Amino acid sequence: MPLDTSAYSLALLRVDGRRWNELRRIHAQIRTQAAADGSSYLEMGHTKVMCVVNGPSEPGPRRGGVATGGGGGGGGGQSKNAEVAVNIVIAGFSSVDRKRRGRGDKQVFELQSTISQALAASLHTHLFPHSTINISLHVLSQDGSLLAALINAATLACVDAGIPMTDYVAACTAGSTSTYAANDEGADPLLDMNHQEEQELPGLTVATLGDSDRVAVLVCESRVQVSRLEGMLAVGVDGCKQVREILDRVVREKGIKMIQEGTVERGVGLNDMELD
Amino acid sequence: MPITILPPKAFREPPRNLHHDSDDVMSDASSDSEDSDSQPGGVSLDSGETIHPRKRRSAATTSGSTFTKRPKTANITSSISVPRSAIVTPGERITTDPQWMRGHGTYLSSATLGEQAITSSLAGIVTRTNKLLSVRPLRARYTPEVGDLVVGRIVEVQAKRWRVDVGSTQLAALPLSAINLPGGILRKRTETDELQIRTFFAEGDLVVAEVQQLFQDGGAVLHTRSLKYGKLRNGVFMAVSGTGGGSGVVRSRRQVWTLESANNGGPIDVILGVNGYVWISKHVDPVIPEEAKNQQTGITNLEEVVSATMYSSQNDRIEPETMREIARIRGVVTALVENGLRVDEDMVTKGYNEAVEMALVSEGGPEDVYLGGERGEQLAAALTGRLA
């Protein structure tokens with residue numbers, strides 16, 4: 001193994017200098033594209049993704065060939081619920097090795113399907129019969145936690161598009177400090193894995209609905225000992241709550257800025273819930 | 001009992017419900033959230049059984065709260081301090097008081113057992129109308145309402161109706177029976193009309209119409225049974241954000257008017273669709289043939305004559321001066337939207353006059369119609385300074 005994540009036990013610091021329970025820097029913006037209904041840009045460390053949401057809108061007769069992300073969240077067309085169609089483009093320059101991904105890439109297809117189903121469960125799709133919500137995600141740079149970053153970016157863009165939803169779907173990853181083979185009892189769970197850690201250590205992606213403990217997405221593609229799973233999951237869910245706070249702050253700041261600029265009229269605040 | 005509708009109020013008070021209970025009970029996502037956006041304003045009857053009607057909090061507790069109304073004028077440079085509680089975000093609880101009714105942008109959640117809370121499903125601002133609580137989104141797609149004037153594009157031709165894109169979540173329908181057929185307003189629709197439906201409107205045509213009726217699921221039915229409505233030509237189309245939240249076209253007294261342009265441009269029609277679609281065109285007086293003039297020109301006669309040219313797709317001759325002024329008005333509307341100002345007759349007219357003056361002092365002279373970037377900001381600043 002060329003990687004040196006095994007050095008963790010010496011100083012309890014990870015390869016990028018974080019402690020076990022620290023997130024990477026998350027930077028996000030909404031309303032980045034004026035022409036779209038909703039858009040966002042999100043960085044989790046060096047993972048950078050862009051999201052554009054169009055819709056809900058009814059597809060015309062000509063536009064039949066919309067690439068749907070595995071058909072999650074209802075059928076669209078004449079159905080009673082809106083369809084959530086996710087399309088992911090991974091830029092060739094996004095990772096160190098320039099990988100060519102065709103249209104039928106299985107990995108991308110699975111990502112699309114996961115995101116589509118997760119969002120369809122949170123979005124109030126029954127309010128938009130016969131319509132489609134098109135979510136386009138562009139990966140500009142990859143450094144681990146790709147699925148989590150994509151989910152977070154898609155959530156932000158949906159909020160920006162003004163699509164009603166139950167709550168934010170916030171995601172992050174969690175891992176464990178030792179591999180499956182190493183029968184290490186004192187393995188620490190790790191929060192928000194980068195690419196290097198993802199290569200070497202077992203990890204999972206978890207997304208929760210808002211700041212509740214309700215898990216919306218749980219993806220684990222590596223071998224991990226069952227005894228460590230609970231710790232990883234707990235750390236992951238805790239991370240999701242932190243991520244939700246960050247996303248919420250981004251939305252709030254934008255909203256307050258709009259009120260200050262006079263774009264949106266100020267309404268009734270939360271607390272005058274007395275009747276006249 | 002008569003119902004009085006009070007205008008939405010603004011107020012300020014320190015946040016109370018901002019924090020969420022983090023020790024929510026794990027429960028099934030689908031079972032505990034119930035949404036009512038499709039039927040605004042309904043208190044679900046089931047919830048009444050589980051919730052004990054709580055005593056109203058005494059008015060004394062909030063009697064000190066002061067209501068403040070924000071002036072409607074948009075002010076770019078102002079930096080009023082806005083509390084974090086001024087906007088709500090998805091999943092944020094608004095109230096648990098069962099006497100409130102939930103409106104658009106909210107749903108009932110029972111995250112804590114036994115108590116149902118009205119929760120926001122959007123990022124936006126809370127508005128109240130009597131007992132109805134709703135959340136207005138910061139930005140959303142256009143939602144049609146009966147009587148709205150909209151500009152739309154035909155996307156599909158069916159046997160007895162057209163499907164029109166009006167920027168809403170669904171395509172609107174324009175039935176063949178809801179247009180003015182050539183040869184008299186009161187003529188009955190015949191099978192011949194159905195066969196030559198494409199001679200009235202074909203795919204890609206732009207129409208100005210009025211929302212006549214709404215379906216239960218939010219779909220709209222349009223009509224063009226007036227001389228004001230019909231096919232659009234001789235101009236330019238642009239799509240800005242409509243009435244739904246944020247800047248863009250707002251519902252106002254006049255959505256259509258004729259502007260006397262400067263620099264020999266002649267009269268120019270501006271149509272601001274409530275859905276955010278805008279049409280700016282050369283004003284053309286309806287052509288009345290000589291023989292029709294000699295006859296008695298009652299209102300039905302006039303409509304009869306005009307409707308002959310109504311479905312033409314041929315542009316009239318447009319002078320370069322007129323084209324330039326159309327482009328200038330388009331620039332004004334773009335600048336208004338980019339700077340977060342509302343788009344209505346008043347703003348467009350003032351903006352246009354300002355733009356003409358700006359062009360006179362610019363290097364390019366009156367032919368300079370560029371209003372992007374700094375010019376747009378300058379225009380917006382001039383407008384807000386004047387309106388304030």
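Residues numbered from 1 in each chain as written. Chains lettered and ligands numbered in written order. Predicted model: local features only at pLDDT ≥ 70, side-chain atom pairs only at ≥ 80, totals over all residues. Heavy atoms only, no water.

If you check an unreviewed UniProt entry, chain B appears there as Exosome complex component N-terminal domain-containing protein from Sordaria brevicollis. One UniProt comment on chain B, placed under Subcellular location (unreviewed entry), says "Nucleus". According to the UniProt record, the Sequence similarities (unreviewed entry) comment for chain B reads "Belongs to the RRP4 family." (UniProt positions renumbered as here; feature names shortened; annotations may be inferred.)

As annotated in an unreviewed UniProt entry, chain A carries the name 3' exoribonuclease family, domain 1-domain-containing protein and comes from Sordaria brevicollis. In its Sequence similarities (unreviewed entry) section, UniProt records this for chain A: "Belongs to the RNase PH family."

Draft legend 1. How the structure looks around the sheet that holds strand β7 (residues 132–137) of chain B. Read across the sheet, three strands follow the order β3-β7-β6 (chain B) without closing on themselves; strand pairing throughout is mixed. In the strand order of this sheet, the two ends are held by β3 (101–102) and β6 (124–129) of chain B, each with one partner. (Pairing = 2+ DSSP bridges. Helix = DSSP H or I, 4+ residues; strand = E, 2+ residues; numbered from the N terminus.)

Draft legend 2. Structural context of the pattern of salt bridges. Tallying each qualifying case throughout the model produces 30 salt bridges over all chains. Residues E43(A) and R25(A) are paired through a salt bridge, measuring 2.8 Å at the closest nitrogen-oxygen approach. Of this pair, E43(A) sits in strand β2 (residues 38–44) while R25(A) sits in the loop between α1 (8–11) and β1 (26–30), and the two are 18 residues apart along the sequence. Residue classification places E43(A) among the buried residues on the basis of a relative accessible area of 11%. With a relative accessible area of 56%, R25(A) lands in the exposed category. One salt bridge in this structure joins R317(B) and E319(B), with 3.9 Å as the shortest N-O distance. (Salt bridge = Lys/Arg side-chain N within 4 Å of Asp/Glu carboxyl O. Buried < 20%, exposed > 50% of the residue type's maximum accessible area, 1.4 Å probe, protein only.)

Draft legend 3. Here's a closer look at the state of the cysteines. Residues and elements named next belong to chain A. Taken as a whole and judged by the stated rule, the model has zero disulfides over all chains. There is no disulfide at C240, and the cysteine sulfur nearest it, in C172, is 4.1 Å away. Overall, C240 belongs to the buried group, its relative accessible area being 0%. (Disulfide = S-S within 2.5 Å.)

Draft legend 4. A look at the sheet that holds strand β8 (residues 203–209) of chain A. Residues and elements named next belong to chain A. A sheet is described by the order of its strands in space; here four strands give the open sequence β7-β6-β8-β9, paired in antiparallel fashion. Both outer strands of the open sheet, β7 (189–191) and β9 (215–220), are each paired with one neighbouring strand and no more. Strand-to-strand twist across the sheet, computed as the mean angle between neighbouring axes with direction ignored, equals 25 degrees. Both strand β6 (residues 169–176) and β8 contribute to a ladder of seven bridges, which runs antiparallel. The residue bridging A170 from the neighbouring strand is T208, located in β8. Sitting on the sheet, helix α5 (residues 226–261) touches β6, β7, β8 and β9, and the angle it makes with β6 is about 145 degrees. (Axes fitted to C-alpha atoms, helices over the stretch in contact; angles between N-to-C directions. Contact = heavy atoms within 4.5 Å.)

Draft legend 5. Focus on helix α7 (residues 345–361) of chain B. With 17 residues, α7(B) extends 25 Å between its outermost C-alpha atoms, agreeing within 8% with the 24 Å of an ideal straight helix rising 1.5 Å per residue. Burial in α7(B) covers these residues: E345(B), M347(B), V348(B), G351(B), Y352(B), E354(B), A355(B), V356(B), M358(B) and A359(B). (Expected span 1.5 Å × (residues − 1).)

Draft legend 6. Geometry of the confidence of the model for chain B. Scored by pLDDT, chain B has a mean of 76; 69% of the residues are at 70 or more. Throughout residues 11–79 of chain B the model reports pLDDT below 50, and contacts reaching past four residues in sequence, or to other chains, amount to 131 contacts. (pLDDT = per-residue confidence, 0-100.)

Draft legend 7. Quick look at the packing of aromatic side chains. Residues and elements named next belong to chain B. Considering all chains together, one arrives at four aromatic pairs over all chains under this definition. Ring geometry for W162 and F201: centres 5.1 Å apart, planes at 80 degrees, overall edge-to-face. Placement of W162 in strand β9 (residues 161–165) and of F201 in the loop between α3 (191–195) and β11 (206–214) is noted, with a sequence separation of 39 residues between them. Here W162 falls in the buried class, since its relative accessible area comes to 0%. By the ring-pair criterion, three or more aromatic residues cluster together here, those being W162, F200, F201 and Y311. Taking the ring centre of F237 as reference, the NZ or CZ of R153 above it sits at 5.2 Å. (Phe/Tyr/Trp six-rings, centres within 6.5 Å; stacked < 30°, edge-to-face > 60°. Lys NZ or Arg CZ within 6 Å of the ring centre and 35° of its normal.)

Draft legend 8. Spatial organisation of helix α6 (residues 320–338) of chain B. An ideal rise of 1.5 Å per residue puts 27 Å on 19 residues; α6(B) measures up with 27 Å between its terminal C-alpha atoms. Every buried residue belonging to α6(B) is among T322(B), R324(B), E325(B), I326(B), R328(B), I329(B), G331(B), V332(B), V333(B), A335(B) and L336(B), and all of these are buried.

Draft legend 9. Examining the packing of helix α2 (residues 106–122) of chain A against helix α3 (residues 146–160) of chain A more closely. Residues and elements named next belong to chain A. For the pair α2 and α3, interaxial distance at closest approach is 10 Å and the crossing angle is 40 degrees. One element, α2, and the other, α3, form an angle in the oblique class. The way α2 lies across α3 gives a crossing that is right-handed. Of the residues in α3, those touching α2 at L111, T114, I115 and L119 are L146, L147, L150, I151, A154 and T155. Grouping the constituent residues of the contact of α2 with α3 by class yields eight nonpolar, two polar and no charged. (Parallel < 35°, antiparallel > 145°, perpendicular 65-115°, else oblique. Left-handed = near helix turned anticlockwise from the far one by under 90°. Nonpolar A, V, L, I, M, F, W, Y, C, P; charged D, E, K, R; others polar.)

Draft legend 10. Here's a closer look at the side chain of H130(A). By the secondary structure assignment, H130(A) is in the loop between α2 and β5 (132–141). Exposure remark for H130(A): the relative accessible area of 17% places this residue in the buried category. At 3.3 Å, the side chain of H130(A) and the side chain of D217(B) are in polar contact. (Polar contact = N/O pair within 3.5 Å; in protein donor to acceptor, adjacent residues only side chain to side chain.)

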